[in-house]
Amino acid sequence: MVKLIKRIAMVFVFLLLAGCQPHEEQANLKWFPSKEAAIEAGLQQEGAERTAVLDIVEENGETLVFFERFHALGVAQIAKGPEGFGWYRDRGYLKFETDSEDPPFSYGGFDIQTYSGSKISVIAGKVHNSSVQKLLLRNGVNEQELQLHGKSGWFFATHDSEFHSLDVVPVYP
């Protein structure tokens, strides 16, 4: 249990440090005629293939692209402006490292500041133990299943709750 608490604390320190990066990218955004063109150019800028995309999520009128790069999770937003669409990231990559299957999964929460200035809350993590068949995200009486993305074991969801009120519960066979 102490190991789990230490790992969770390390994740939060990483998120804090990653969130303190300057946002020079906002001023230097390259614009494209479509969302798809912005995604393709953004992935190329990141040095990632199209197969790295785990999911594209529409949330409150914003488009988020979740992708994997160097065994880490990246989250970009497709900004919309008068010039078209652009690839925008406001934070570094999220990575969970462990040398065992204990804990069976790790997760953390963060807020994305979109190009338009709105805030989107995300919970994200990675399954380290293949015996975890699925994960449930609980907030009081509400519950939703979190999709596990491919062999990577990444999971993520946007939410409108306080992070401390969320609980991720593994389901075993």
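It should be noted that the structure appears before, not after, this text.
**Description of the side chain of R91**
By the secondary structure assignment, R91 is in the loop between β4 (84-88) and β5 (105-113). A distance of 2.4 Å separates a polar atom in the side chain of R91 from the backbone oxygen of D111.

**Details of the environment of H164**
Positionally, H164 belongs in the loop between β9 (154-159) and β10 (167-171). By relative accessible area, H164 is classed as exposed at 70%. Sequence-wise, H164 and N139 are 25 residues apart; in three dimensions their C-alpha atoms are separated by 9.4 Å.

**Observations regarding the nonpolar core**
If you look at the biggest cluster of nonpolar residues, it comprises 15 residues, and the most contacted ones within it are F66, L73, F110, V122 and A124. Counting only elements with at least two residues in this core, the list comes to β1 (53-59), β2 (62-69), β3 (72-81), β5, β6 (119-127) and β9. For this core, the element with the highest residue contribution is β6, accounting for 3 residues. For V122, the residues in contact, after removing those within four places along its chain, are F66, G108, G109, F110, I112, A157, T158 and H159.

**Observations concerning the pairing of β6**
Of all 9 residues that make up β6, 8 are buried, and the element is covered over most of its length. Here 9 bridges tie β5 to β6, and the two strands are oriented antiparallel to one another. Its bridge partner being in β6, G108 is matched across the sheet by A124. Direction of pairing for β6 relative to β9: antiparallel, over a ladder of 6 bridges. The residue of β9 that forms the bridge with I123 is A157.

What counts and what doesn't
In this convention, every chain numbers its residues from 1, walking through the sequence in written order. Per-residue local features of the predicted model are confined to residues with pLDDT of at least 70, and side-chain atom pairs are confined, for both listing and counting, to 80 or more; whole-chain, interface and lining totals are unaffected and use all residues. Each side-chain value is derived from all of the structure's non-hydrogen atoms; neither hydrogens nor water enter the calculation. Helix numbering and strand numbering both begin at the N terminus, where a helix is a DSSP run of H or I of at least 4 residues and a strand a DSSP run of E of at least 2. Any pair of N or O atoms that falls within 3.5 Å is considered a polar contact. Within protein, one atom must be able to donate a hydrogen and the other to accept it, and sequence-neighbouring residues count only if both atoms are side-chain atoms. The classification of residues rests on relative accessible area computed with a 1.4 Å probe and restricted to protein chains. Under 20% of the type maximum is buried, over 50% is exposed, and intermediate values are partly exposed. By nonpolar core we mean a set of buried residues, namely Ala, Val, Leu, Ile, Met, Phe, Trp, Tyr and Cys, connected to one another through side-chain atoms within 4.5 Å. Contacts are assigned to residue pairs with any non-hydrogen atoms lying within 4.5 Å of each other. Two strands are counted as paired when DSSP detects at least two bridges linking them.

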